[in-house]
Amino acid sequence: MGADAIQTNGGDPAKLTVVEGIKRLRCAVKNYEWGKLGHESLVARLHEANSGNRVDPAVPHAELWMGTHESGPSHVVKEEELGSGHCGSDCMVTLKSWVSDNPDVLGSRAVDKWGCDLPFLFKVLSVTKALSIQAHPNKALAEKLHREEPLLYRDANRKPEIALAITPFQALCGFVSLKELKEVIANVPEIPELVGSKAADQIFTVNEKDGEESVKSVVRLIFTQLMSATNNETKRVISEMKMRLITETNHRELSEKEKLVLELEKQYPGDVGVISAFFFNYVKLNPGEALYLDADQPHAYISGDCVECMAASDNVVRAGLTPKHRDVQTLCSMLTYKLGYPEILKGFPLTPYITRYLPPFDEFEVDHCDLPTGKSTIFPAIPGPSVYLVIEGTGKLQTGSSQLLVNRGDVLFVPAHNEIQVTGESDVIKLYRAGVSSRFFQTL
């Protein structure tokens, strides 16, 4: 069901009208092979509700895209179609085209900074199989990659991001601490076998007191050697590792990381990403916890459902756990090699029902709202654009003198300077909002 715009002051209260500037969106879905199948996928259920299209149970539904990026643009439903339930391509324009024609909806500060476009891309992910070992380039590298290989790197933008768990969510993220990395090299004999003992043993010659750059240099050497190993050698060594771990289950409990590595080997047999997983932090997010990633940080999402928000880019440099194009040299040279466990955001209360997640990036922030029946809460007006997504329940969004009835799968674009009041109509309405970082507007 769509979002019906209902006039509430004067006249017939059931008459369909239009809330000025707020637009209902039809959003793109990505059927990457790592996505959950059919109705097991939250992405599939939301896309079915958003578009009216039936879900094919045999097709993976991996990502729902909400934004202006050309690789998966959202479309604005024309005002006269609101509530009709019938809207083909002839009654929609792209959100990018619409905001370009109506730049005031973005707010002057956002336009001055990013031009007539959304600076963020909002997504839902449903992951059943590990994504690639990857990183996203910084602005300078993105411009270079886009200039040199525009078919692989589709835009010239950087891509920091945040992943906010809807269900229990697992990921690999960033390099483990120096102490843990020494334990890995000592206890996973296949790594020295693959990179050579001369390179591997260098990890035991450095300590924190030697300085961050000295430590990073050694980690860079070992990791690059690992990722650059030949396919035949990699497959042989991973096979040896698999047999060793299976044998060791007879007399000891494997660690969580070892169990994960065996699972990754089932998904990507003989892939160098399997053994490289030992280098990364194994992060398990509970629902409501978030992980944020700056440019040049290695990561791989493993399983679960999340909302994701990022700078408006689709640039990915991959080097493992993927059948797609790999650019090992670029990935190994671009990483920061920062060691240690990543910061986990639990958000802070904006109201009793709204939690805000504010990573250290100008382009975006994310709010999560859980609202019981009959309760109301307010999203304050901000000087930039927002995108709202309803993932469960029914409610009313009110701005000024008008209301929008919203249901699961509704995605709404809300222009700058609109205060939004939400009222729960079902047991609980669950929704997310992505917008330009409020921290950005607090700076001069």
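Quick notes on the rules
Residues numbered from 1 in each chain as written. Predicted model: local features only at pLDDT ≥ 70, side-chain atom pairs only at ≥ 80, totals over all residues. Heavy atoms only, no water. Helix = DSSP H or I, 4+ residues; strand = E, 2+ residues; numbered from the N terminus. Buried < 20%, exposed > 50% of the residue type's maximum accessible area, 1.4 Å probe, protein only. Polar contact = N/O pair within 3.5 Å; in protein donor to acceptor, adjacent residues only side chain to side chain. Arc of directions from axis to C-beta. Contact = heavy atoms within 4.5 Å. Pairing = 2+ DSSP bridges. Axes fitted to C-alpha atoms, helices over the stretch in contact; angles between N-to-C directions. pLDDT = per-residue confidence, 0-100. Parallel < 35°, antiparallel > 145°, perpendicular 65-115°, else oblique. Left-handed = near helix turned anticlockwise from the far one by under 90°. Nonpolar A, V, L, I, M, F, W, Y, C, P; charged D, E, K, R; others polar. Disulfide = S-S within 2.5 Å. Expected span 1.5 Å × (residues − 1). UniProt positions renumbered as here; feature names shortened; annotations may be inferred. Phe/Tyr/Trp six-rings, centres within 6.5 Å; stacked < 30°, edge-to-face > 60°. Lys NZ or Arg CZ within 6 Å of the ring centre and 35° of its normal. Salt bridge = Lys/Arg side-chain N within 4 Å of Asp/Glu carboxyl O. Core = buried A, V, L, I, M, F, W, Y, C linked by side-chain atoms within 4.5 Å. Domains from an automatic or database assignment. Buried area = accessible area lost by both parts, 1.4 Å probe.

**Focus on the side chain of asparagine 50**
- With respect to the secondary-structure elements, asparagine 50 resides in helix α1 (residues 42-51).
- Using a relative accessible area of 2% as the deciding quantity, one classes asparagine 50 as buried.
- At 3.0 Å, the side chain of asparagine 50 forms a polar contact with the backbone nitrogen of cysteine 27.

**Considering helix α5 (residues 178-187)**
- Residues of α5 that are buried: Leu178, Leu181, Lys182, Val184 and Ile185. End-on view of α5: buried residues confined to an arc of 155°, all on one side of the axis. Across from the buried face of α5, at angles greater than 90 degrees, the exposed residues are Lys179, Ala186 and Asn187.
- Check the buried side of α5 and you find it contacts α6 (190-195), α7 (197-200) and α8 (212-227).

**A closer look at the sheet that holds strand β7 (residues 75-77)**
- Spatially, the 9 strands line up as an open sheet ordered β8-β7-β2-β25-β22-β27-β20-β19-β18, and their pairing is antiparallel. Each edge of the open sheet carries a strand with a single partner, namely β8 (92-94) and β18 (348-351). Averaged over all pairs of adjacent strands, the angle between strand axes in this sheet comes to 30°, irrespective of strand direction.
- Lying on the sheet, α1 is in contact with β2 (23-26), β22 (386-392) and β25 (411-414); it crosses β2 at an angle near 125°.

**Here's the deal with the confidence of the model for the chain**
- When the pLDDT values of the chain are averaged, the result is 91; 92% of them are 70 or greater.
- When the criterion is pLDDT under 50, residues 1-19 qualifies, and its contacts beyond four places in sequence or with other chains add up to 50 contacts.

**Brief notes about the packing of helix α9 (residues 231-248) against helix α10 (residues 256-267)**
- Relative to each other, α9 and α10 sit at 130°, their axes nearing to 11 Å. By the angle between their directions, the pair α9 and α10 is classed as oblique. For the pair α9 and α10, the sense of crossing is left-handed. Across the interface between the two elements, Ile238, Met241, Lys242 and Leu245 from α9 touch Glu258, Val261, Leu262 and Glu265 from α10.
- Residues of the contact of α9 with α10, tallied by class, amount to 5 nonpolar, no polar and 3 charged.

**Concerning the state of the cysteines**
- Evaluation of the coordinates by the stated rule reveals 0 disulfides.
- No disulfide involves cysteine 173; its sulfur sits 13 Å from the nearest other cysteine sulfur, which is in cysteine 306.
- For cysteine 173, a relative accessible area of 1% corresponds to the buried category.
- In this structure cysteine 306 comes out as buried when scored by relative accessible area, which is 0%.

**Digging into α8**
- Its 16 residues place the ends of α8 22 Å apart at the C-alpha level, agreeing with the 22 Å of an ideal helix rising 1.5 Å per residue.
- For α8, the full list of buried residues reads Val215, Lys216, Val218, Val219, Ile222, Phe223, Leu226 and Met227. Axial view of α8: buried residues confined to an arc of 165°, hence all on one face.

**What to know about the UniProt feature "domain: Phosphomannose isomerase type I C-terminal" (unreviewed entry) in the chain**
- Here, the residues flagged by UniProt with the feature "domain: Phosphomannose isomerase type I C-terminal" (unreviewed entry) are residues 358-401.
- Spanning residues 358-401, this segment combines 0% helix with 57% strand, and its end C-alpha atoms are found 30 Å apart.

**What about the packing of aromatic side chains?**
- The final tally for this structure, using the stated rule, is 14 aromatic pairs.
- Ring centres 5.1 Å apart and planes at 70° place the aromatic pair phenylalanine 440 and phenylalanine 441 in the edge-to-face group.
- Judged by its relative accessible area of 6%, phenylalanine 440 is buried.
- Here the aromatic cluster, defined as three or more aromatic residues joined through ring pairs, consists of Phe175, Phe223, Phe279, Phe280 and Tyr337.
- The positively charged end of lysine 30 is found above the aromatic ring belonging to tryptophan 65, 4.7 Å away from the centroid.

**Things to note about the pattern of salt bridges**
- Tallying each qualifying case throughout the model produces 27 salt bridges.
- Within the structure, one salt-bridge network assembled from shared partners comprises Glu190, Arg244, Glu248, Arg252 and Glu258.

**Considering the nonpolar core**
- One finds Leu172, Ile191, Phe223, Leu264, Ile275 and Phe279 to be the most contacted residues of the largest nonpolar core, which totals 57 residues.
- At 7 residues, α8 tops the list of elements feeding residues into this core.
- Setting aside its immediate chain neighbours within four residues, phenylalanine 223 contacts Phe175, Ser276, Phe279, Phe280, Leu331, Cys332, Leu335 and Tyr337.
- The next biggest cluster of nonpolar side chains, apart from the first, holds 39 residues, and it includes Leu118, Ile166, Tyr292 and Leu389.

**Focus: the side chain of glutamate 365**
- Among the structural elements, glutamate 365 can be located in strand β20 (residues 365-372).
- Looking at glutamate 365, its side chain comes within polar contact range of the side chain of arginine 356, at 3.4 Å.
- In this view, glutamate 365 contacts Arg356, Tyr357, Leu358, Pro359, Arg433, Ala434, Gly435, Val436, Ser437 and Ser438; residues no more than four positions away in its chain are not counted.

**Quick look at the environment of leucine 131**
- With respect to the element layout, leucine 131 can be found in the loop between β9 (120-127) and β10 (133-135).
- When its relative accessible area of 8% is taken as the criterion, leucine 131 is described as buried.
- Expressed as a C-alpha distance, the spacing of leucine 131 and leucine 172, which sit 41 residues apart in the sequence, is 9.8 Å.
- Residues in contact with leucine 131, not counting those within four places in the same chain, are Trp34, Ala300, Tyr301 and Leu321.

**Some thoughts on the domain arrangement of the chain**
- On domain assignment, one finds that the chain holds domain 1 (171-345) and domain 2 (364-442).
- With centres defined by C-alpha atoms, the gap from domain 1 to domain 2 works out at 38 Å.
- Facing the 4 residues of domain 1 at the interface are 4 residues of domain 2.
- Note on domain 1 versus domain 2: buried area summed over both sides is about 360 Å², and carbon and sulfur give 91% of it.
- Scanning the region where domain 1 abuts domain 2 turns up 0 residue pairs in polar contact (both at pLDDT 80 or more).
- Per-class residue counts for the side of domain 1 that touches domain 2 are 4 nonpolar, no polar and no charged.

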